[in-house]
Amino acid sequence: MIACFVTGTDTGVGKTLSSCALLHALAQHHRRVVGMKPVAAGAEPNGQGGWTNSDSLALRAASGLVVAPALDNPVLLAAPVSPHIAAAREHCSVRLEPIVAAYQALSQQADAIVVEGAGGWQVPLSNHLRIADLAIALQLPVVLVVGLRLGCLNHALLTADAIRSSGLPLAGWIANRVDPDMLEPEANMAYLREHLGAPLLADIPWQASPDARAVRVDLPKEWQ
Ligand SMILES: Nc1ncnc2c1ncn2[C@@H]1O[C@H](COP(=O)(O)OP(=O)(O)OP(=O)(O)O)[C@@H](O)[C@H]1O
Ligand SMILES: C[C@H](N)[C@H](N)CCCCCC(=O)O
Ligand SMILES: [Mg+2]
């Protein structure tokens, strides 16, 4: 089974787009490919009397394997805010055990799983837990999505250091050109290529209508 944990330099940097692109790339090599959004903050009516998160919907659309929502999105919180705040509003607290159990059940059914975090690496899930703790509990190699904009060098280096100090491998990074007006994008790319110390898996151009299928992904050999 191939699996990875997708984190980002911030919220809104393109983790969902990148996770969908990874799912499409993995589907070229593996039969049962599925995305997982373990903790989603922000729910919208699904038209059938229930609620869904838009990241979960996008991951499902990019997945070949259909599973129960309790497996691919075990924690769905209503408010589009930090998960620890969204959970507090609902008088509940996010716990790792049910999420790890859902992941384990998913891994019985899948050949490849892409797990999308929420926000960046240190986003709180509760007063005692952060997204990093979830990636550590799942023991997954990490893919870092860098939203290319002014400030991303600092965010990318801090995040890469934190991932490595957690003991998890940084399997690769994805450059996502979220700011079409960014100055010196290639000089920023050159610095990141030299200093992140992990392979560049994809370089996603700014797109007026982002399309994960159009993204070229160079998967690590061991994931093919
Ligand atoms: N390359 C791109 N070109 C243009 N727009 C983009 C690009 N990548 C992402 N976007 C847009 O930026 C927004 C944020 O992207 P996305 O939802 O993938 O971020 P995220 O990191 O998954 O955020 P979250 O922390 O909420 O999960 C979306 O509206 C998306 O369509
Ligand atoms: C609601 C949003 N789309 C994400 N799911 C959660 C982002 C939390 C960010 C918290 C923070 O770093 O301040
Ligand atoms: Mg997302």
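Residues numbered from 1 in each chain as written. Chains lettered and ligands numbered in written order. Predicted model: local features only at pLDDT ≥ 70, side-chain atom pairs only at ≥ 80, totals over all residues. Heavy atoms only, no water.

- An unreviewed UniProt entry lists the chain under the name ATP-dependent dethiobiotin synthetase BioD, with Lampropedia aestuarii as the source organism.
- UniProt annotates the chain under Subcellular location (unreviewed entry) with the comment "Cytoplasm".
- Entered under Function (unreviewed entry) in the UniProt record, the comment concerning the chain runs "Catalyzes a mechanistically unusual reaction, the ATP-dependent insertion of CO2 between the N7 and N8 nitrogen atoms of 7,8-diaminopelargonic acid (DAPA, also called 7,8-diammoniononanoate) to form a ureido ring." (UniProt positions renumbered as here; feature names shortened; annotations may be inferred.)

### Some details on the pairing of strand β2 (residues 33-36)
(1) Moving on: A two-sided burial pattern is seen for β2, the buried positions comprising Val33 and Gly35 on one face and Val34 and Met36 on the other.
(2) Moving on: Examined bridge by bridge, β2 and strand β7 (residues 112-116) share four bridges and lie parallel to one another. Residue pairing across strands places methionine 36 opposite valine 115, the latter belonging to β7. (Buried < 20%, exposed > 50% of the residue type's maximum accessible area, 1.4 Å probe, protein only. Helix = DSSP H or I, 4+ residues; strand = E, 2+ residues; numbered from the N terminus. Pairing = 2+ DSSP bridges.)

### Comments concerning the pairing of strand β10 (residues 200-204)
(1) Moving on: Where burial is concerned, most of β10 is hidden: four out of the five residues are buried.
(2) Moving on: Here strand β9 (residues 170-176) pairs with β10 via four bridges, running parallel. Within β10, the residue paired with alanine 175 across the bridge is aspartate 203.

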